[in-house]
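Descriptive analysis of the structure
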There are 2 protein chains.
Amino acid sequence: MQYTKNFYQIKSNDEIFAKIQKEREYIGYYNLPYQDTTEIKEFAKTVKQKDIVVLGIGGSSLGTYAIHKFLQHKENDKKLHFLESTDPIEITYKISKIDLQDALFIIISKSGTTIETISILKYLHTLTDINNKNCVVVTENDSKLNEYAVKNNMKTFEIPKDVGGRFSVFSAVGLLPLAIMGLDIDNILNGCKEVSNSYFAQKGFYEEIMQKARFMVENKNRFNINVIFSYSSLLEGFNKWYIQLWGESLGKKNINGTKQALTPIGLLGPIDQHSFLQLIVEGKRDKTVTFIKVNDFQTDITIPDISLYGLEELDYINNLPFKELINKQADATIEAIESLRDIPCDVITIERVDEYNLAKLMFSYQLLTSVIGKFVQINTYDQPGVEAGKIILKDKLQGNL
Amino acid sequence: MQYTKNFYQIKSNDEIFAKIQKEREYIGYYNLPYQDTTEIKEFAKTVKQKDIVVLGIGGSSLGTYAIHKFLQHKENDKKLHFLESTDPIEITYKISKIDLQDALFIIISKSGTTIETISILKYLHTLTDINNKNCVVVTENDSKLNEYAVKNNMKTFEIPKDVGGRFSVFSAVGLLPLAIMGLDIDNILNGCKEVSNSYFAQKGFYEEIMQKARFMVENKNRFNINVIFSYSSLLEGFNKWYIQLWGESLGKKNINGTKQALTPIGLLGPIDQHSFLQLIVEGKRDKTVTFIKVNDFQTDITIPDISLYGLEELDYINNLPFKELINKQADATIEAIESLRDIPCDVITIERVDEYNLAKLMFSYQLLTSVIGKFVQINTYDQPGVEAGKIILKDKLQGNL
């Protein structure tokens, strides 16, 4: 007797792990932690310009921005700019902040024909000379943008074909600008390696990721919204990166054509205690919440021991380091939500504000996304839903609509 | 016979309108469009400092940020800073960008005892002299912060008691810093007035708001997520303001204790075409989408008529002004989503990037929020859900936990 089926069924952890191991053979991001970064570091050393301009959108900028925003205070004295949107006022305003005579342009596009990126690249040509002294290109080896770079003798860095845009932060896409900004890209990869090694050896990260993925999947119809509540403003970029990773990877039809339900939201504490928190506490129970805390901010700025006339009732905050205040705010919010008992939540603690610890967080989220994708039986790495809009746009621009 | 009930029922538009008219007598934000702005404008003229520092969180900063971000390119040469989070690295980094000797601090807190705001205010005292020459206070007339201001002979501006934080942008909370930055605050209020007058005369805005509110409420269990997809990076702040307004106002238990379901999400086009759009198109049908477009960006920067080697296939974008490109991108996305026929969406077009048009949008969203609150029979203006966390925090800080 032969039994075949096509209905969706949540598989065992072992089955999922076997599939991820197989996927590792043809999905490129799994290998990025182990790459040789010599060429990137060598090039970064040669960069003399003060203004570093990343020209890229979506996966070509979000990951870089996430790490930059987290570690901005540790960077060298260069200034990192992102040209991304086609909003004309934004473009003009951002370019006004760049010294075009002292800028390095990093053009990043996996496909090489991203319309936003090429539009702005063309526009930059009207403002300054773009040449092999002030422009490098990060793209696939056989893209049209690569042809442009080669023709103009520009330095190029490769995005491997099997590394998707939203999984590309640990390729040259992210590492090149971050190395130029003086960050320790090897330590970034060390963080990735720790997670990767642990996961594939079925050690600590394996258990964590499998458990969380299984919970998300088993409860996806009840809890269709996944909130990340980061208690540090430095994680603002990470939140945005997470939203792209989660939304674009997991917002798919599964093998039965069933539309999936996981919707990412990114919040910042304590700011969003004054905004979204009310909705979490009293709104419909359709959300899971993942808190992210920083254990040690490594700065001791402290609320001074002074009394302000009229405000003496707040003197109990005197002598409190801000790093303790923000973590106590996190703990208070976590306890308040846990006490409700019907909002699933977990807490991730980052040890320290450095390359290694953020990379651990980001790589573990990439793995989590891959594992959930396997559980719900979708292609985590494509984005067929955005093609229709692109075709309509092209028709409009070519005058056919 | 007498018939009483306490079950939730969607009321008629007439009943809702009558309730809103009644509410207008005791909820203060409805009156803000008609206020006298002389005192604010007179004070703004006297400000000589270059760095303007808003010290406030949530409703004390989000609305100001929204308008500032939209009109930044039209402001004078002063620089507007926001101190908001208790993140110690963020505080240090932001303060490093401020010339403390040439700064005006605007301390904004409705209650006057907001812990984030007072903590940072105390910390500023260790860095510079805070006095009546460089500090003004915006708060309730009888708050503890007002006592501090009066004692120190500081200029104060009032937040009326009946104006809630997230409905306070059109009070001195927003108007004071925006006037100092050179924006036309009377034109802001003119935009509010147009919406208010039209709504209360049951003209155009009345129909729009009632229809939209009714749809949201009738379908709130099916479409529990409300996405705003703004096709201009300048609306980034508006999106954040909307999230607070929507989430904190509508995330409530109704008269039957039923937890409500409306969850706000803010997206930016075209950037989020490369992120969240895939999830909208292929994800579960749990979202409504409101597109916001800017009709005329009033800038003609244009993609030049040049061909880049290798990229000739993209020459069809040549000679296209960016303002047309971004709007065609919006239209293509809208058409792609409309063609699916099962994602409710609407489009709001802002005529121009100015004070008047943004204020219209913001005031109409405040009214929409109030109307939905009446439909679902909640108190739109309180936030009881955040109190538990505040009590736990206080206990922790006072050493009781």
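Only a predicted model underlies this, so the values are computations on that prediction, with no experimental measurement involved.

Time to look at the relation of the copies chain A and chain B. Of the transformation superimposing chain A on chain B, the axial component is 0.0 Å and the angular component is 180°, with the fit at an RMSD of 0.0 Å. Classification of the inter-copy transformation places it as that of a two-fold axis. For chain A, the minimum C-alpha distance to the rotation axis belongs to A:Ile265 and amounts to 3.7 Å.

Another point: the interface of chain A and chain B. If you look at the interface, chain A gives 98 residues, while chain B gives 98 residues. When contributions to the side of chain A that touches chain B are tallied by element, the ones reaching two or more residues are helix H4 (88–96), helix H5 (115–127), helix H6 (144–151), helix H10 (236–250), strand S7 (263–268), helix H11 (277–282), helix H12 (322–338) and helix H14 (387–397) of chain A. For the side of chain A that touches chain B, the element with the highest residue contribution is H12(A), accounting for eleven residues. Its residues assigned to classes, the side of chain A that touches chain B shows 44 nonpolar, 32 polar and 22 charged.

Quick look at the pairing of strand S9 (residues 345–352) of chain A now. All names here are of chain A. In this structure, strand S8 (residues 287–296) lies alongside S9, joined through seven bridges in parallel fashion. If you follow Lys-293 over to S9, its bridge partner there is Thr-349. In this view, the connection linking S8 to its parallel neighbour S9 by way of H12 has right-handed handedness.

Next up on the list: unusual backbone geometry. Only a minority of non-glycine residues have a phi that is not negative, and only a minority of peptide bonds are not trans. All names here are of chain A. The omega torsion of the bond from Gly-269 to Pro-270 falls at -5°, within 30 degrees of zero and hence cis. Position of Pro-270 relative to the elements: it lies in the loop between S7 and H11. Of note in this structure, Asn-153 is not a glycine but carries a positive phi near 55°. Looking at the secondary structure, you find Asn-153 in the loop between H6 and strand S5 (155–158).

On to the packing of helix H1 (residues 13–23) of chain B against helix H13 (residues 355–375) of chain B. All names here are of chain B. Orientation of H1 relative to H13, taken along the N-to-C sense of each, is 120°, at an axis distance of 10 Å. Crossing of H1 over H13 shows right-handed handedness. Contacts between H1 and H13 involve Ile-16, Lys-19, Ile-20 and Glu-23 on the former and, on the latter, Ser-370, Val-371, Lys-374 and Phe-375. Of the residues that constitute the contact of H1 with H13, the class distribution is four nonpolar, one polar and three charged.

Residues and elements named next belong to chain A. Taken as a whole, chain A is organised into domain 1 (28–183) and domain 2 (187–375). On the side of domain 2, 21 residues touch domain 1, which itself brings 22 residues to the contact. It is helix H3 (residues 62–71) that contributes the most residues to the side of domain 1 that touches domain 2, nine residues altogether. Taken together, the residues of the side of domain 1 that touches domain 2 break down into 15 nonpolar, five polar and two charged.

This part covers the sheet that holds strand S2 (residues 79–83) of chain A. All names here are of chain A. With respect to topology, five strands assemble into an open sheet ordered S2-S1-S3-S4-S5, the strand pairing being parallel. In this open sheet, the two edge strands, each paired with only one partner strand, are S2 and S5. Within this sheet the neighbouring strands show an average axis-to-axis angle of 20°, counted without direction. Pairing between strand S3 (residues 103–108) and strand S4 (residues 135–139): four bridges, direction parallel. Bridge pairing in S4 links Ile-108 to Val-138. The strands touched by H6 within the sheet are S3, S4 and S5, with S4 carrying the most contacts at an inclination of about 150°.

By the secondary structure assignment, A:Thr113 is in the loop between S3 and H5. Residue classification places A:Thr113 among the partly exposed residues on the basis of 16 C-beta atoms within 10 Å.

Over its 13 residues, helix H5 (residues 115–127) of chain B runs 19 Å from end to end, which matches the ideal 18 Å to within 8%, given 1.5 Å per residue. Buried within H5(B) are the following residues: B:Ile115, B:Glu116, B:Thr117, B:Ile118, B:Ser119, B:Ile120, B:Leu121, B:Lys122, B:Tyr123 and B:Leu124. Buried residues along H5(B) sit against H12 of chain A together with strand S1 (51–55), strand S2 (79–83), helix H4 (88–96) and strand S3 (103–108) of chain B.

A few words now on the environment of A:Lys360. Residue and element names in this part refer to chain A. Positionally, Lys-360 belongs in helix H13 (residues 355–375). Remark: the alpha-carbon pair of Lys-360 and Arg-214, spanning 146 residues in sequence, is separated by 20 Å. Apart from the residues within four sequence positions on either side, Lys-360 is in contact with Gly-191, Glu-194 and Val-195.

Attention now goes to the confidence of the model for chain A. Mean pLDDT over chain A works out to 96, with 98% of the residues at or above the 70 mark. For this predicted complex, the interface confidence score (ipTM) comes to 0.96, while the overall pTM stands at 0.97.

Further remarks concern the sheet that holds strand S9 (residues 345–352) of chain B. Strands pair in a sheet through their backbones, by hydrogen bonds, and they do so in one of two ways: parallel or antiparallel. All names here are of chain B. Ordered by their spatial adjacency, four strands build an open sheet running S7-S6-S8-S9, and the pairing between neighbours is parallel. Looking at which strands have only one partner, the edges of the open sheet turn out to be strand S7 (263–268) and S9. Across this sheet, the average inter-strand angle for adjacent strands is 20°, counted without regard to direction. On the sheet, helix H12 (residues 322–338) packs against strand S8 (287–296) and S9 and is oriented at approximately 155° with respect to S8.

What follows is about the packing of helix H8 (residues 185–200) of chain A against helix H9 (residues 204–218) of chain A. All names here are of chain A. Two elements in contact, H8 and H9, have axes separated by 6 Å at closest approach and are oriented at 80°. Taken together, the axis directions place H8 and H9 in an arrangement best described as roughly perpendicular. Residues Val-195, Ser-198 and Tyr-199 of H8 form the contact with H9, whose participating residues are Gly-204, Phe-205, Tyr-206 and Ile-209. Along the lines of polarity and charge, the residues of the contact of H8 with H9 split into five nonpolar, two polar and no charged.

Criteria and thresholds
Residues numbered from 1 in each chain as written. Chains lettered and ligands numbered in written order. Predicted model: local features only at pLDDT ≥ 70, side-chain atom pairs only at ≥ 80, totals over all residues. Least-squares fit on C-alpha atoms with pLDDT ≥ 70 in both. Contact = placed C-beta atoms within 7 Å. Helix = DSSP H or I, 4+ residues; strand = E, 2+ residues; numbered from the N terminus. Nonpolar A, V, L, I, M, F, W, Y, C, P; charged D, E, K, R; others polar. Pairing = 2+ DSSP bridges. Right-handed = clockwise from strand over helix to strand, strands pointing away. Axes fitted to C-alpha atoms, helices over the stretch in contact; angles between N-to-C directions. Left-handed = near helix turned anticlockwise from the far one by under 90°. Domains from an automatic or database assignment. Buried ≥ 20, exposed ≤ 12 C-beta atoms within 10 Å, placed from the backbone. Expected span 1.5 Å × (residues − 1). pLDDT = per-residue confidence, 0-100. Parallel < 35°, antiparallel > 145°, perpendicular 65-115°, else oblique.

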